[in-house]
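# Structural characterization, general
Here is what each chain is made of, one letter per residue.
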Amino acid sequence: MKRVIGIGNALTDMLVNLKTDSVLGRFELPKGSMNLVDSRLQTEISKSVAGLPYSLSLGGSAGNTIRAMAQLGCRVGFIGKVGRDTTGDFFIQALDNLGIEPVVFRGTERSGKCVSLISPDGERTMVTHLGAALELGAEELDPAIFGGYDCLYVEGYLVQNHELIRRAMQMAKERGLQVAIDLASFNIVAENLEFLRDLVSQYVDIVFANEDEAKTFTCESEPLNALQAISQMTHLAVVKIGTKGALIKQGDEVVHVGIMAAAKRVDTTGAGDFYAAGFLSGLCDGLSLRQCGTIGAITAGKVIEVVGTTFGEEAWTDIHRLVCKVKNEKYLF
């Protein structure tokens, strides 16, 4: 595996730093919640916080993973859909700036956006409008998109469109790519259980799941049993078990990798996305399962130290230093 292309909901994150939580009460937004809303309500909420400090960054589950892989030096691309607006322009330009090949279609709806309202105590309340991201259809995919890539990375949230996710995997396998999927969330798994099991059995080579997702997917209460059940459907299974690290199985090899102790746990958003990025980057370099899991732990550990999923060059310099030690087997959990 050398080149990875991701497919997912193309979202731009708008992070707004609140002075008080009054806006949450005004719009009846439970603190720390994720809310899917229509364009009108998101615009109304955005107007209510106009003038407060904010920042924009690439978002979406697969977008986070692919962006982090690009920062780790991997050759990557991204498939998604945005609107014909300045937010869509920003999304495409941001991909290009990071050296990510954009396979981005334009839709009729406004570009998808996640407005993250950051309370003074660091808690995030998300208001998401998927917009044009939902318009990406199976008929827009072409086998040529997958040419030159070795792996397709799929975010589980795309399971909202069964035809799209199946067609993407079919085309990727026909072109000889491996397929990796992150199961996204336990409720997504529960609502699409049989479809996801069929998908994994037919097309998927690598599965990422947290403990709750793995339990829901396999009906096994113990993580190790869930890992075993997933491994019978795919080639490589990764079950993340929170502060206990992750269990990894490929063939007869089972590895347990711990976590990197974060200096401070500020915001766990994106931790799973960044874990997948680190793990896949290790596979791209032909590293062992333990090395891959360690790099995943490093990238996940770093992202929870900041609000959002974007951090500066100093943090990336530290990540590269640690990854170099992992490659030389001087830093393994």
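Read on for a plain summary of the structure. This one's a predicted model, so the numbers in the text were calculated from it and none came from an experiment. (Residues numbered from 1 in each chain as written. Predicted model: local features only at pLDDT ≥ 70, side-chain atom pairs only at ≥ 80, totals over all residues. Heavy atoms only, no water.)

## Looking at the packing of helix α11 (residues 289–303) against helix α12 (residues 313–327)
Between α11 and α12, the shortest axis-to-axis distance is 10 Å and the interhelical angle comes to 165°. The orientation of α11 with respect to α12, classified from their angle, is roughly antiparallel. Judged by the twist between their axes, the crossing of α11 over α12 is right-handed. Within the contact between the two elements, α11 uses Q291, T294, I295, I298, T299 and K302 and α12 uses D318, I319, L322, V323, V326 and K327. When grouped by side-chain class, the residues that make up the contact of α11 with α12 number six nonpolar, three polar and three charged. (Axes fitted to C-alpha atoms, helices over the stretch in contact; angles between N-to-C directions. Helix = DSSP H or I, 4+ residues; strand = E, 2+ residues; numbered from the N terminus. Parallel < 35°, antiparallel > 145°, perpendicular 65-115°, else oblique. Left-handed = near helix turned anticlockwise from the far one by under 90°. Contact = heavy atoms within 4.5 Å. Nonpolar A, V, L, I, M, F, W, Y, C, P; charged D, E, K, R; others polar.)

## So, the packing of aromatic side chains
Per the counting criterion, the structure on display carries five aromatic pairs. The interplanar angle of 25° and the centroid separation of 6.5 Å between the aromatic rings of F274 and W316 together place this pair among those described as stacked. Of this pair, F274 sits in helix α10 (residues 271–284) while W316 is found in helix α12, placing the two residues 42 residues apart along the sequence. Here F274 and W316 have matching classes, each one buried. On the numbers, 5.2 Å between centres and 75° between planes, the contact of Y331 with F333 is edge-to-face. (Phe/Tyr/Trp six-rings, centres within 6.5 Å; stacked < 30°, edge-to-face > 60°. Buried < 20%, exposed > 50% of the residue type's maximum accessible area, 1.4 Å probe, protein only.)

## Some remarks on the packing of α10 against α11
Viewed as axis vectors pointing N to C, α10 and α11 meet at an angle of 145°, and their least axial separation amounts to 7 Å. With respect to the hand of their crossing, α10 and α11 are arranged in right-handed fashion. Contact residues: A271, F274, Y275, G278, F279, S281, G282 and L283 in α10; L289, C292, G293, I295, G296, A297, T299, A300 and V303 in α11. Residue composition of the contact of α10 with α11, grouped by class: eleven nonpolar, six polar and no charged.

Any functional reading would require information beyond the geometric quantities listed.
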